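Coordinate analysis (summary)
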Amino acid sequence: MINLVLFGKPGAGKGTQANFLKEKYNLKHISTGDVFRFNIKNGTELGTLAKSYIDKGELVPDEVTINMLKAEVEKNPDASGFIFDGFPRTNAQAEALDDLLEEKEMKIDATIALEADDEVLIQRLLERGKVSGRSDDQDESKIRNRFDEYNEKTAPLMQYYKKQDKFHSVNGIGSIEDITERLSKVIATL
Ligand SMILES: Nc1ncnc2c1ncn2[C@@H]1O[C@H](COP(=O)(O)OP(=O)(O)O)[C@@H](O)[C@H]1O
């Protein structure tokens, strides 16, 4: 069993890489952003709540996100491991994830960050917004707000995982295949 956290700013390529890694290593991919968007599309209560935060480029409150993540893990009791994409994004979420996995006699093996400059990321997100219709990707001020949220609440998690000796980072600029290769090299050391 292998459990990975993919870490990085909005637009860093977590979802794209998770799609390759899940096939390569037979892992269940959980993207909190995708679960929220699915709920928004289906007009659930969770979706309506999440939308009010996502539309402003803010994080959804921890309690809501943590409960949702737990439910997603519990839906997959037979998984041979997970890729967590977009979770944890706060200290409380990181602690909740460690507790949840410990209860199940599992653990995070590695947190891998995809690194890229803000200006590159903003261009990628605006391009994605044109294709996907994601409203949080169409407005530069919302994107900048997500970066501020990341710097304030998520970046400190690097220290959390460094202390546990689980933090790795790879250059997120290059072709999709090259970046998958860089990630695979880290996974090979685990
Ligand atoms: N772990 C989380 N905690 C709080 N909010 C979250 C979390 N994951 C996703 N969200 C909400 O969903 C939005 C979209 O998430 P995601 O698709 O992962 O986008 P991004 O491209 O910004 O990384 C975030 O901006 C945030 O509002």
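Every chain begins its residue count from 1, and numbering advances along the sequence as written. Selection of residues for local features in this predicted model requires a pLDDT of at least 70, selection of side-chain atom pairs for listing and counting requires 80 or more, and totals for whole chains, interfaces and linings are taken over all residues. Side-chain numbers here rest on the full set of heavy atoms in the structure, without hydrogens or water.

**Focus on the UniProt feature "binding site: ATP" (unreviewed entry) in the chain**
- UniProt positions are given in the numbering used here, feature names are shortened, and annotations may be inferred rather than shown by experiment. Listed under "binding site: ATP" (unreviewed entry) in the UniProt record, and renumbered for this structure, are Gly11, Ala12, Gly13, Lys14, Gly15, Thr16, Arg128 and Gly174. As for the annotated residues named above, the ones lining the largest cavity are Lys14.
- Helix numbers and strand numbers start at the N terminus; a helix is a DSSP run of H or I with at least 4 residues, a strand a run of E with at least 2. In this fold, Thr16 is placed in helix H1 (residues 14-25). Site definitions follow a grid-based scheme: protein atoms alone, a 1 Å grid, a 1.4 Å probe that fits but cannot get out for cavities, and for pockets an open set with protein on both sides within 12 Å along at least five of seven lines, plus lining residues having an atom within 4 Å of a point.

**Focus: the nonpolar core**
- Judged by nonpolar contacts, the single largest core of 24 residues is most densely connected at Leu69, Val73, Phe82, Phe84, Leu97, Ile108 and Tyr161.
- When residues of this core are traced back to their parent elements, those giving at least two are strand E1 (4-7), helix H4 (62-74), strand E3 (82-85), helix H5 (91-103) and helix H8 (157-163).
- Here a residue-residue contact requires only that any non-hydrogen atoms of the pair lie within 4.5 Å. When sequence neighbours within four positions are dropped, the list of residues in contact with Ile108 reads Asn3, Val5, Phe84, Leu97, Asp98, Leu101, Tyr161 and Lys166.
- Put simply, buried Ala, Val, Leu, Ile, Met, Phe, Trp, Tyr and Cys residues joined by side-chain atoms within 4.5 Å make one nonpolar core. When a residue's accessible area, from a 1.4 Å probe over protein chains only, is under 20% of the maximum for its type it is buried; when over 50% it is exposed; and in between it is partly exposed. Ranked by size, the runner-up nonpolar core spans 22 residues in total, among them Ala12, Ile83, Leu114 and Ile187.

**Let's talk about empty space enclosed by the protein**
- Grid points are joined across faces, edges and corners, and a volume is the space filled by probe spheres set on the points. All told, the structure shown has 1 cavity of 30 Å³ or more when counted by the stated rule.
- Size it by volume and the largest cavity reaches roughly 60 Å³.
- Considering the residues around the largest cavity, the lining is formed by Leu6, Phe7, Gly8, Lys14, Gly86, Phe87, Pro88, Arg89, Tyr150 and Thr154.
- Broken down by secondary-structure element, the contributors of at least two residues to the lining of the largest cavity are E1 and helix H7 (140-154).
- Residue composition of the lining of the largest cavity, by class: 5 nonpolar, 3 polar and 2 charged. Any residue that is not Ala, Val, Leu, Ile, Met, Phe, Trp, Tyr, Cys, Pro, Asp, Glu, Lys or Arg is counted as polar, Gly included; the first ten are nonpolar and the last four charged.

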